[in-house]
Amino acid sequence: MDCRVLSIQSHVVRGYVGNKSATFPLQVLGFEVDSINSVQFSNHTGYGHWKGQVLTADELHVLYEGIKLNKVNHYDYVLTGYSRDVSFLEMVADIVQELKSVNPRLVYVCDPVMGDNGSMYVPEALLPVYRDKVVPVCDIITPNQFEAELLTGRKISTEKDAVEAMDLLHAMGPDTVVITSSDLLSSLGDQYLVVLGSQNTVTADGSEEKQRIRLDIPKVDAVFVGTGDLFAAMLLAWTHRHPNDLKKACEKTVSVMQHVIKRTITYATEVAGPDRRPSPAQLELRMVQSKADIEDPAVTVNAVVL
């Protein structure tokens, strides 16, 4: 049967971010993707110039009403990313709840994009909406360390702190929590980024099991845009393929990321030329060129079970 995803994210004409970053890889892996573009911009905002339009909460509601009137509002997944408007985010939470009443087995994957490195880049009024309305209807959530701290009100300084924060997030709603990047020290040295994941599953006999994992990922000296959107989309896809094996799902997700990033940086440095830093345009993800790696990623990073 078709597996259908409603993806509510930003759209860019040029490049890969939001829905542009998520749709192609999901389609390659066999998912039907229905996209609602929360913004339509010429390109991502890391360029020198950008132009475009922003979808309002009322306009989102109108689009959803059209889907509902035609009785095609049965989804297996909802995927959401960056939002910077309170009423829009509240409307997303309402739509998810309604879709869950249509299909109680629907899985909601949320990347709660709020900030990084200790500072918020969305209005602070979004935090209580995420915490009180969005997270309780989430099934899979992918915050970075700073966002996990914001949502739980807990500082993360050690692996133990991170596990406690993930447990607090579980208690708020989601069965699967992945902290997609952290400042925690890797056992492999400071050239590695630490990703942590936690999954609650129910076994055949009805008892609860918890799997916790850590991945140490080699750092790349470049700024990429759209990688978080790709991560959330790939986690959706690989948890669908491996529903009770977070270790395998995260290994494949991270490996896709590694292949795409490596291909992108190789291309960007070649085009930029010797001793020149690549431009935002040159650093756009090499998504189409990575089709084979998205479909069947060679595993480059092995997760450690905690």
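Residues numbered from 1 in each chain as written. Predicted model: local features only at pLDDT ≥ 70, side-chain atom pairs only at ≥ 80, totals over all residues. Heavy atoms only, no water.

### Focus on the sheet that holds strand β8 (residues 140–141)
Here is step 1: Strand order in this open sheet of 10 strands is β3-β2-β1-β4-β5-β8-β9-β10-β11-β12, and the pairing throughout is mixed. The outermost strands of the open sheet, each flanked by one partner alone, are β3 (52–54) and β12 (304–305).
Here is step 2: Strand direction decides the pairing type here: strand β4 (residues 77–80) and strand β5 (residues 107–110), joined by four bridges, are parallel. Considered in β5, the bridge of Leu79 is made with Val109.
Here is step 3: In the packing of helix α8 (residues 246–272) onto the sheet, the strands contacted are β9 (176–179), β10 (192–202), β11 (208–218) and β12, and the crossing angle to β11 comes to about 25°. (Pairing = 2+ DSSP bridges. Helix = DSSP H or I, 4+ residues; strand = E, 2+ residues; numbered from the N terminus. Contact = heavy atoms within 4.5 Å. Axes fitted to C-alpha atoms, helices over the stretch in contact; angles between N-to-C directions.)

### Side note on the pattern of salt bridges
Here is step 1: The final tally for this structure, using the stated rule, is 17 salt bridges.
Here is step 2: With a shortest N-O distance of 3.1 Å, Asp216 and Arg214 are connected by a salt bridge. This pair shows no difference in class: Asp216 is buried, exactly as Arg214 is.
Here is step 3: A network of salt bridges, in which partner residues are shared, links Glu65, Lys68 and Glu98. (Salt bridge = Lys/Arg side-chain N within 4 Å of Asp/Glu carboxyl O. Buried < 20%, exposed > 50% of the residue type's maximum accessible area, 1.4 Å probe, protein only.)

### Describing the UniProt feature "domain: Pyridoxamine kinase/Phosphomethylpyrimidine kinase" (unreviewed entry) in the protein
Here is step 1: Taking the UniProt record as the reference, the feature "domain: Pyridoxamine kinase/Phosphomethylpyrimidine kinase" (unreviewed entry) is found at residues 80–267.
Here is step 2: End-to-end, the C-alpha atoms of residues 80–267 are 29 Å apart, and along that stretch the chain is 45% helix and 20% strand. (UniProt positions renumbered as here; feature names shortened; annotations may be inferred.)

### Quick word on helix α1 (residues 19–28)
Because each turn of an α-helix spans 3.6 residues, side chains separated by three or four positions end up pointing in the same direction.
Here is step 1: Taking burial as the measure, the 10 residues of α1 include seven buried ones, the bulk of the element.
Here is step 2: Residues Asn19, Ser21, Ala22, Thr23, Pro25, Leu26 and Val28 constitute the buried set of α1.
Here is step 3: Its buried side turned inward, α1 meets β1 (4–12), β2 (32–41), β4, α7 (227–241) and α9 (291–295).
Here is step 4: Directly beyond the C-terminal end of α1, a positive phi value near 95° is found at Gly30.

### A few points about the packing of helix α5 (residues 145–152) against helix α6 (residues 159–172)
Here is step 1: Relative orientation of the contacting elements α5 and α6 amounts to 55°, with a least axis distance of 10 Å. Taken together, the axis directions place α5 and α6 in an arrangement best described as oblique. For α5 against α6, the interelement crossing comes out left-handed. Each of Ala148, Leu151 and Thr152 in α5 lies in contact with α6, whose residues at this interface are Ala165, Leu168, Leu169 and Met172.
Here is step 2: Split into classes, the residues belonging to the contact of α5 with α6 amount to six nonpolar, one polar and no charged. (Parallel < 35°, antiparallel > 145°, perpendicular 65-115°, else oblique. Left-handed = near helix turned anticlockwise from the far one by under 90°. Nonpolar A, V, L, I, M, F, W, Y, C, P; charged D, E, K, R; others polar.)

### Structural notes on unusual backbone geometry
Here is step 1: At Asn117, a position not held by glycine, the phi torsion is positive, near 50°.
Here is step 2: For Asn117, the location among the structural elements is in the loop between β6 (115–116) and β7 (119–120).
Here is step 3: The phi dihedral of Asp275 falls on the positive side, at around 60°, and the residue is not glycine.
Here is step 4: Classification of Asp275 by relative accessible area gives exposed; the value is 87%.

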